[in-house]
Each structure stands twice: as structure tokens, then as C-alpha cells.
Amino acid sequence: MNSEPDAVGIKVDQDFALVQQIRAGHPELFHELVRRHERAVYRTALAILHNPEDAEDVTQETFLRAVQHLDQFRGDARFSTWLTQIAVNTARMKLRKNHAHLWESLDEPVQTDEGSVSRDVAEWRENPEQQYTREERQGLLMQALKGMHPSYRSVLVLRDLQHLSTEETAQALGLSVANVKTRLLRARLQLRERLAPHFRQEKKEQQP
Amino acid sequence: MISCAELLSYLNDFLDGELDPELHRRVLEHCRACSPCNVLVDTTRNTLRFLDNDEIIELPEGVSQRLHARLQQHIDALSAAHEAGPKLVSPASEATRGRSWVWGLAMAALMTLLVIFGGLHLHSTAAHMATLQGWLVDQHCAAKYADHPQDHYKACALSPECLASGLGVMLSGGDYVRFDKAGSDEAARQLREANVTTDLRVLVRGMRKGDMIQVRQLSLDMAPSVSVDAFPDPGNQVAVASKVLVSF
Ligand SMILES: [Zn+2]
């Protein structure tokens with residue numbers, strides 16, 4: 001992260017500097033801020049909602065809300081974390097509207113019980129992802145995320161796709177750090193199970 | 001040797017490289033002896049590598065264009081709403097367009113705040129952080145310029161009598177918020193240095209309580225001559241932006 005101390009010695013990241021300029025009367029710079037983050041916001045929305053039209057709506061809503069609330073951004077967190085928080089909340093509202101029934105179980109405690117971890121002994125091919133085109137990989141990922149519980153999905157996306165830290169993820173989702181860790185383990189194992197059929201070494205299946 | 005269950009509990013930290021060296025070694029030791037765990041670790045690592053690809057989810061065609069178009073509409077609507085308001089903005093120019101947008105932004109943010117903190121009213125006496133934009137007017141002249149604060153001028157504000165009364169900000173609706181002593185001094189300091197004569201726009205942030213604001217940051221709005229184009233270099237922009245609101 002590019003940052004430099006400002007006049008009073010506070011760390012100002014590039015996004016925060018841009019935010020200050022926007023607030024000081026340069027609205028056209030908001031487009032630059034959007035360009036920096038639009039893909040990340042869209043990915044977050046798509047991963048949570050699992051529907052391209054909804055993801056686009058949420059992406060637009062997120063940035064509209066961001067511009068309206070820009071005054072509340074204090075610069076004490078990274079701008080991307082703040083934005084992710086808005087994106088997640090917006091996506092959740094949409095999810096709640098579309099799938100009220102799914103939502104009800106969302107805040108239940110998550111258990112990690114080792115007994116249910118599938119002990120798949122098949123090894124994967126070398127660099128399995130290279131067997132697929134980008135479109136195919138995106139398809140595989142979306143397919144794999146599809147059946148996953150939204151609360152696992154959002155943790156996985158923020159941590160492993162957006163590379164937020166555990167603390168930032170907790171902050172964005174309003175979860176405890178411990179809760180993020182538990183859900184992340186569950187999410188990674190589930191994703192692994194769902195990808196496995198595509199990545200298994202074929203030679204084992206061919207053996208008599 | 002650690003158990004399979006223990007290995008599972010260390011899996012995330014192991015894959016994220018956050019395990020202490022001794023535990024790391026013990027996980028590896030377990031993997032050498034336990035083939036299922038070895039496969040588990042390996043395939044989960046592959047799963048992460050599969051995700052760790054910036055391009056795995058691309059923006060579909062048109063999403064970005066529609067997003068920027070909608071934002072531009074929003075920005076234009078805010079500007080238009082404020083340019084339509086009486087006496088608020090002098091003849092339209094690129095600079096006033098940008099500035100009037102900030103009015104819109106400030107109002108939108110304020111509205112949002114009011115909605116969020118339902119109980120909070122515009123004239124609430126509870127102290128709260130606020131960002132205000134308006135014209136710099138001293139208390140002595142506040143009543144006189146309530147209807148046309150943009151006509152208040154530098155020489156007036158810096159005259160001994162006016163300066164002694166203390167400076168503050170006249171908001172668009174004719175509401176006046178006075179600065180604390182430190183804020184007033186900082187405003188005077190910046191005004192002396194500013195290359196302006198009249199239309200003394202000011203952006204101020206601080207703890208507001210009723211008709212008074214304890215100023216934390218203050219900036220005489222960027223002069224119309226300062227455009228973004230004047231700072232093509234991004235490094236410069238950062239330096240300029242960090243000066244936009246002067247903390248003191
Ligand atoms: Zn084992």
C-alpha cells in the first residue's frame with residue numbers, strides 16, 4: 001500500500017488522499033476511485049449473490065452509497081475495507097430480500113466438526129487450474145460457490161479472493177476474529193470438495 | 001506426533017504461513033506419515049492457488065460503463081439541484097460546478113447522517129463530528145451577510161474589529177456556526193495567505209455543538225484557479241490533497 005506521512009504525521013493512503021480531494025470539490029475524481037475498486041466490489045457482490053444482474057445492481061448501489069457517505073470515511077481503516085463493508089451490507093440486504101428463508105440460518109453458530117471432513121484420497125493433477133481457460137475457471141468457481149452457505153462464501157471471498165486480513169474481514173462482516181477463522185476453514189474445505197471432481201488425477205480412474 | 005484433528009485445526013494457519021516454526025514442522029511430519037492428511041493439505045493449497053488469481057472473476061462487458069454513467073448522472077443531479085437554488089452559486093463555470101457539487105455531497109451526507117442517527121437534529125445540541133462548507137464570515141458581520149455571504153470580503157474579515165469578534169462559517173440556509181478560538185485563528189492565518197478577495201469559501205471539520213464548532217481541520221476552499229489539471233503528477237496530488245484540509 002502506497003502511503004506517506006502527511007503534514008501532521010498521519011499515514012494517508014492514496015485512496016484517502018483522493019477522497020479528500022473529492023470532498024474538497026473535485027467530484028470528477030470519484031471516477032478514478034471507482035476504477036480502482038470496481039472489480040473488487042463486483043467480485044464481492046457476485047460471490048455473495050451469485051447472480052450477475054444482482055451483482056451489477058449491488059455494485060452500483062455500493063458506489064452510490066459510498067459517494068453519499070464519503071463524509072463518514074475517517075481514514076482510520078483502509079478505504080477498500082470501508083468500501084467492502086458497504087458492498088457486503090448492500091449485498092446482504094439484497095440477499096435477504098431475495099432469499100429470506102436462507103437468511104434465517106445465517107447467524108447461527110458455525111461448528112467445525114472434523115468427522116464430516118471428507119477424506120478424499122485422490123490426488124490432484126499438477127497445476128490443475130492450467131487445464132482450464134479463464135472463462136472455464138470462473139464457471140467452475142461460481143458453480144463451486146453456488147451451494148455454499150452465504151456466510152461461508154462471504155468469508156472465503158473476502159479472505160482468499162480479495163485478500164483482506166482476518167481482522168479486516170471480521171470488521172467488514174461484523175464478526176469476531178475467531179468466527180472468521182472457523183468459517184474460513186469450513187469454507188476452504190467445502191470449496192476444495194466442490195472443486196475436487198474437476199481436478200482429480202485422471203490416471204487413477206483409468207487404472208483397472 | 002500431532003493427531004489428524006490437530007492438523008485440521010492448524011490447517012489455515014499452516015497454509016497462510018502463520019504457524020510458528022515448531023508447529024509447522026510437526027504438521028509436515030504428520031503429512032509424511034499420513035497420506036490422507038497429505039492429500040488434504042495439498043489439495044486445499046491447490047484450492048487457494050486456484051482462487052489466487054486476479055482475473056478469475058472479470059467484470060462482464062458493459063458493467064463498468066453503466067456504473068460510471070450512473071455515477072455521473074448522480075453527480076450531475078446533485079450539481080443541478082444546487083445550481084438551481086437561488087443566490088447559492090455565482091455564474092456557472094467549471095469551478096463552481098465542482099464546488100456546488102460539494103454542497104450537494106455535504107447535504108447528502110448530512111441527510112444520510114440524519115437518517116442513520118434518527119434522533120439527531122440539524123440544530124442538535126449534542127456534540128458530534130461534522131463537516132461544514134460555507135462562507136467565512138466574522139461574528140460582527142454575520143447578520144449583515146446572512147443573505148449573501150459570498151459578498152463578504154477578505155479586507156473586512158481581517159479588519160481588527162471583525163477579527164476580534166471571531167470568525168465562523170455561514171451555511172447556505174443563513175445558519176451561522178462560529179469557530180472556537182483556535183479555529184478562528186487558523187482561518188485568519190489561511191485567509192491572510194490566500195489569494196482571494198471575496199467569495200470566501202471554507203471547508204471545516206470538527207466537533208459541532210449547537211451554533212459552535214470546535215475546529216479540527218479547516219481549509220479555505222481551493223481557489224477556482226486550482227484545477228486538477230494543475231497537478232498531473234499523482235505524487236503531487238497526494239501532497240496537495242493532504243493540504244486540502246489542514247489539521248492543527
Ligand atoms: Zn492425518
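The structure we're discussing is the one just above.
Residues numbered from 1 in each chain as written. Chains lettered and ligands numbered in written order. Predicted model: local features only at pLDDT ≥ 70, side-chain atom pairs only at ≥ 80, totals over all residues. Heavy atoms only, no water.

A.B. asks: Could you give an account of the coordination of the zinc ion, naming the residues involved and the relevant values?
C.D. replies: Residues and elements named next belong to chain B. Surrounding the zinc ion are the protein donor atoms C4 (SG), H30 (NE2), C34 (SG) and C37 (SG), which sit 2.0 to 2.4 Å from the metal. Around the zinc ion, the 4 donor atoms are arranged such that angles at the metal cover 100 to 113 degrees; this shape is classified as tetrahedral. Taken in chain order, the donor set of the zinc ion reads C-x25-H-x3-C-x2-C. Of the two residues, H30 and C37, both sit in the buried class. (Donors = N, O, S within 2.8 Å, 3.2 Å for Na, K, Ca; no water. Tetrahedral: all angles 85-135°; square planar, octahedral: opposite > 155°, others 65-115°. Buried < 20%, exposed > 50% of the residue type's maximum accessible area, 1.4 Å probe, protein only.)

A.B. asks: Could you give an account of the packing of helix α2 (residues 30-49) of chain A against helix α3 (residues 52-69) of chain A, naming the residues involved and the relevant values?
C.D. replies: Helix-helix packing: each pair is described by the crossing angle between the helix axes and the interaxial distance. Residue and element names in this part refer to chain A. At a minimum axis distance of 8 Å, the contact between α2 and α3 shows a crossing angle of 140 degrees. Between α2 and α3, the crossing angle belongs to the class labelled oblique. Judged by the sense of rotation from one axis to the other, the crossing of α2 with α3 is right-handed. Judged by residue contacts, F30, V34, H37, E38, V41, Y42, A45, L46 and L49 of α2 engage P52, D54, A55, E56, V58, T59, T62, F63, A66 and V67 from α3. Tallied by class, the residues present in the contact of α2 with α3 amount to 13 nonpolar, 3 polar and 3 charged. (Axes fitted to C-alpha atoms, helices over the stretch in contact; angles between N-to-C directions. Helix = DSSP H or I, 4+ residues; strand = E, 2+ residues; numbered from the N terminus. Parallel < 35°, antiparallel > 145°, perpendicular 65-115°, else oblique. Left-handed = near helix turned anticlockwise from the far one by under 90°. Contact = heavy atoms within 4.5 Å. Nonpolar A, V, L, I, M, F, W, Y, C, P; charged D, E, K, R; others polar.)

A.B. asks: Now, about the pairing of strand β1 (residues 128-138) of chain B: what can you tell me, with residues and values included?
C.D. replies: Residues and elements named next belong to chain B. Here β1 lies mainly inside the structure; 10 of its 11 residues are buried. By the bridge criterion, 8 bridges tie β1 to strand β4 (residues 201-209) in an arrangement that is antiparallel. When the sheet's bridge partners are listed, T131 is paired in β4 with R205. (Pairing = 2+ DSSP bridges.)

A.B. asks: Talk me through the packing of aromatic side chains; I want residue IDs and the actual numbers.
C.D. replies: Residues and elements named next belong to chain A. All told, the structure shown has 6 aromatic pairs over all chains when counted by the stated rule. Between the aromatic rings of Y132 and F199, the centroid separation amounts to 5.9 Å while the plane-to-plane angle is 50 degrees, which identifies the pairing as tilted. Remark: F199 occurs in helix α9 (residues 177-199) and Y132 occurs in the loop between α5 (100-103) and α6 (134-146); sequence separation between them is 67 residues. F199 shares its class with Y132; the two are buried. (Phe/Tyr/Trp six-rings, centres within 6.5 Å; stacked < 30°, edge-to-face > 60°.)

Taken by themselves, the reported measurements are silent on function.
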